[in-house]
Amino acid sequence: MDNEKLKKTTVNVPTLPSPALCIPGTIHNTEPDEQQDLSKHQGRTRSFPHERGIWASYVFIDYGDSDGWLEMQNECKTLLNDATTTLEFNPIDRMHLSLTKTFTIRHHNINPFVANLREQLTGRRRFRLEFSGVQVYVNEERTRTFLGVRVAEESYGALNALVTSLDECLREYKLPLYYTDRAFHVSILWCLGDREAEVRKELPALTAVFERVYEEEYCDISQQVKTLWFKCGNKSFHFDLI
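Residues numbered from 1 in each chain as written. Predicted model: local features only at pLDDT ≥ 70, side-chain atom pairs only at ≥ 80, totals over all residues. Heavy atoms only, no water.

Let's talk about the packing of helix α2 (residues 67-83) against helix α6 (residues 203-216)
Here α2 crosses α6 at 160 degrees, and the two axes come no closer than 10 Å. By the angle class used here, α2 and α6 are roughly antiparallel. Viewed along their axes, α2 and α6 form a crossing whose handedness is right-handed. Contacts between α2 and α6 involve Gly68, Glu71, Met72, Glu75, Cys76, Leu79 and Leu80 from the first element and Ala205, Leu206, Val209, Phe210, Arg212, Val213, Tyr214 and Glu216 from the second. Residue composition of the contact of α2 with α6, grouped by class: ten nonpolar, one polar and four charged. (Axes fitted to C-alpha atoms, helices over the stretch in contact; angles between N-to-C directions. Helix = DSSP H or I, 4+ residues; strand = E, 2+ residues; numbered from the N terminus. Parallel < 35°, antiparallel > 145°, perpendicular 65-115°, else oblique. Left-handed = near helix turned anticlockwise from the far one by under 90°. Contact = heavy atoms within 4.5 Å. Nonpolar A, V, L, I, M, F, W, Y, C, P; charged D, E, K, R; others polar.)

Focus on the packing of helix α3 (residues 110-121) against helix α4 (residues 156-172)
For the pair α3 and α4, interaxial distance at closest approach is 10 Å and the crossing angle is 150 degrees. The orientation of α3 with respect to α4, classified from their angle, is roughly antiparallel. Judged by the sense of rotation from one axis to the other, the crossing of α3 with α4 is right-handed. Within the contact between the two elements, α3 uses Phe113, Asn116, Leu117, Gln120 and Leu121 and α4 uses Leu162, Ser165, Leu166, Glu168, Cys169, Leu170 and Glu172. Of the residues in the contact of α3 with α4, the class split is seven nonpolar, three polar and two charged.

Details of the environment of Arg144
As for its position among the elements, Arg144 is in strand β9 (residues 144-151). Overall, Arg144 belongs to the buried group, its relative accessible area being 5%. (Buried < 20%, exposed > 50% of the residue type's maximum accessible area, 1.4 Å probe, protein only.)

Considering the packing of aromatic side chains
Inspection of the entire model under this criterion finds 15 aromatic pairs. Considering the side-chain rings of Tyr63 and Trp69, the 5.0 Å spacing of their centres and the 40 degrees angle between planes classify their relative orientation as tilted. With respect to class, Tyr63 is no different from Trp69; both count as buried. Aromatic rings pair up to connect Tyr63, Trp69, Phe131, Phe210, Tyr214 and Tyr218 into one cluster. Between the NZ or CZ atom of Arg144 and the centre of the ring of Trp190, over which it lies, the distance is 5.8 Å. (Phe/Tyr/Trp six-rings, centres within 6.5 Å; stacked < 30°, edge-to-face > 60°. Lys NZ or Arg CZ within 6 Å of the ring centre and 35° of its normal.)

As for the pairing of strand β3 (residues 54-62)
When β3 meets strand β6 (residues 103-106), the two strands line up antiparallel, connected through four bridges. Across the sheet, residue Ser57 finds its bridge partner in β6, namely Phe103. As paired strands, β3 and strand β12 (residues 227-232) are joined by four bridges and run antiparallel to one another. Paired with Phe60 across the strands is Trp229, a residue of β12. (Pairing = 2+ DSSP bridges.)

What about the pairing of strand β10 (residues 185-192)?
Burial of β10 is extensive: seven of the eight residues sit out of reach of the surface. As paired strands, strand β4 (residues 90-91) and β10 are joined by two bridges and run antiparallel to one another. Bridge pairing in β10 links Pro91 to Leu189.

Considerations on α4
Taking 1.5 Å per residue as the helical rise, α4 with its 17 residues ought to reach 24 Å, and the 24 Å between its terminal C-alpha atoms agrees with that figure. All buried positions along α4 are accounted for by Tyr156, Leu159, Leu162, Val163, Ser165, Leu166, Asp167, Cys169 and Leu170. Where α4 ends, the next residue or the one after it, Lys174, has phi of about 55 degrees, a positive value. (Expected span 1.5 Å × (residues − 1).)

Things to note about unusual backbone geometry
Even without glycine at this site, Arg142 takes up a positive phi of about 55 degrees. By the secondary structure assignment, Arg142 is in the loop between β8 (131-139) and β9. Take Arg142: its relative accessible area is 30%, and that puts it in the partly exposed class. With phi around 55 degrees, Lys174 is a residue other than glycine that occupies positive phi space. Note on placement: Lys174 falls in the loop between α4 and β10. Residue classification places Lys174 among the exposed positions, given a relative accessible area of 76%.

Examining the pattern of salt bridges
The full count for this structure, using the stated rule, is eight salt bridges. Notably, a salt bridge pairs Asp65 with Arg94, separated by 2.5 Å at the nearest N-O pair. Of this pair, Asp65 sits in the loop between β3 and α2 while Arg94 is found in the loop between β4 and β5 (96-98), placing the two residues 29 residues apart along the sequence. Between Glu216 and Arg212 there is a salt bridge whose closest N-O contact spans 3.8 Å. Within this pair, Glu216 and its partner Arg212 are both found in helix α6, separated by four residues, close to a single helical turn. Taking the relative accessible area as the measure of exposure, Glu216 reaches 48% and is therefore partly exposed. For Arg212, a relative accessible area of 35% gives the class partly exposed. Through salt bridges with shared partners, one network takes in Asp62, Asp65 and Arg94. (Salt bridge = Lys/Arg side-chain N within 4 Å of Asp/Glu carboxyl O.)

Rendered as structure tokens:
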């Protein structure tokens with residue numbers, strides 16, 4: 001899911017920057033005018049203005065092709081949209097777990113940055129993540145609300161090790177490092193506006209959906225992480241783990 005430091009609200013609900021909601025599986029071109037056309041992006045606004053030659057980028061684990069994750073997403077969406085006529089949740093186009101904040105990088109730095117990533121990730125082993133429930137998140141501008149699935153804390157070890165390596169690459173280019181206080185999660189749904197209060201009322205029912213689907217689809221939802229992805233503007237790069 002794009003990012004500034006998570007902050008707790010007065011009701012202990014994390015806030016987060018607006019994550020990217022579309023992660024293409026293949027490289028394609030996007031015109032700048034299209035990127036800023038709100039009618040083509042369901043009312044979403046950019047976290048920072050488009051500037052030629054500078055690309056929004058981040059590293060992530062892709063969950064977009066998992067049937068188990070899609071089932072979780074669909075059932076939670078149905079529950080939320082049926083719970084009240086004031087909520088209209090949309091699916092995240094390609095579900096993912098971010099391992100960096102969203103940052104900008106200049107076009108001429110992309111290839112050397114990717115080379116640094118490959119060097120840092122060489123020899124990294126595959127691992128499995130466990131998940132522990134659902135949570136409501138609101139972006140820092142409080143313009144969008146998200147439903148996310150939390151990573152279980154016992155799985156933080158592998159993710160923290162990856163983030164440390166990725167931070168080394170970011171530091172070389174004076175790019176923002178990942179959060180000090182980490183709350184790893186996979187965003188699955190979003191809606192416009194600050195709808196925190198409404199979603200919190202539905203958390204018990206959503207938790208029941210999570211527990212049932214997670215048990216039924218455990219092997220698919222908690223499958224081994226074999227590949228990391230780096231999305232940079234209209235380009236995508238993958239890094240296979242051993």
